[in-house]
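The chain contents come next:
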Amino acid sequence: MKSIGQVIKEHNIRLNTADPIARGGFTQVPNFILRATDLSVGAKVTYAMFLSYAWNNDSCFPGQERLAQDMGMSRSRVTEFIGELERAGLINIQRRGQGRTNVYTVHFRVEAHR
């Protein structure tokens, strides 16, 4: 089965709109993330950003500078939020070293978040 990213790249789906907001796309965030009382708002936004990047690119390896810029936050704050998501078991981080960006695996869970 093809991913939605593959289908879009093949141009099997076209968005017929002049609306710049619709053209920019949308990101769905699972309700368990939105309602997780043990996650900070910043961690929730970071999770949503990871979903946004993965949706558009079939993978997720943004640099922390890029994340910080897109979120309007400092890199140190973004690093804290990423650590929070990792400790909560919502992402895994593959560190590639030598100035290369990390690869992030975003986890979806059906059961309620702890």
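Please refer to the structure higher up on the page.
Calculation criteria
- Residues numbered from 1 in each chain as written.
- Predicted model: local features only at pLDDT ≥ 70, side-chain atom pairs only at ≥ 80, totals over all residues.
- Heavy atoms only, no water.
- Helix = DSSP H or I, 4+ residues; strand = E, 2+ residues; numbered from the N terminus.
- Buried < 20%, exposed > 50% of the residue type's maximum accessible area, 1.4 Å probe, protein only.
- Contact = heavy atoms within 4.5 Å.
- Areas by Shrake-Rupley, 256 points an atom, 1.4 Å probe, with all protein chains shown as cover.
- Pairing = 2+ DSSP bridges.
- Salt bridge = Lys/Arg side-chain N within 4 Å of Asp/Glu carboxyl O.
- Arc of directions from axis to C-beta.

Concerning the overall build of the chain
Per the secondary structure count, the chain includes six helices and two strands. Secondary structure elements in the chain, listed N-terminal to C-terminal, are α-α-α-α-α-α-β-β. By residue count, 36% of the 114 residues in the chain fall in the buried class. Counting contacts in the chain only where the partners sit at least 6 residues apart, residues at least 24 apart contribute 45% of the total. As presented, the chain carries roughly 7,800 Å² of accessible surface, and 52% of it is formed by carbon and sulfur atoms.

Considering the pairing of strand E1 (residues 91-94)
Here E1 shows one buried face, formed by Ile91 and Ile93, and one open face, formed by Asn92 and Gln94. The pairing of E1 with strand E2 (residues 103-106) spans four bridges and is antiparallel. When the bridges of E2 are listed, Asn92 appears paired with Thr105.

Section: the pattern of salt bridges
For the coordinates displayed, the defined rule picks out four salt bridges. For Glu65, the salt bridge identified is with Arg75, shortest N-O distance 3.6 Å. Of this pair, Glu65 sits in helix H5 (residues 64-71) while Arg75 sits in helix H6 (residues 75-87); the two residues are 10 residues apart in sequence, bridging distant segments of the chain. What makes Glu65 exposed here is its relative accessible area of 51%. Arg77 is paired through a salt bridge with Glu80; the nearest N and O atoms lie 2.8 Å apart. Here the residue Arg77 and the residue Glu80 both occupy positions in helix H6, the gap between them amounting to three residues, near one helical turn. On the basis of relative accessibility, which here comes to 42%, the residue Glu80 falls in the partly exposed class.

Looking at H5
Buried residues of H5: Gln64, Leu67, Ala68 and Met71, and no others. Projected down its long axis, H5 shows its buried positions confined to an angular sector of 100 degrees, all on one face. Facing away from the buried side of H5 by more than 90 degrees, the exposed set consists of Glu65 and Gln69. Once H5 finishes, Gly72 follows within two positions and takes phi at roughly 70 degrees, a positive value.

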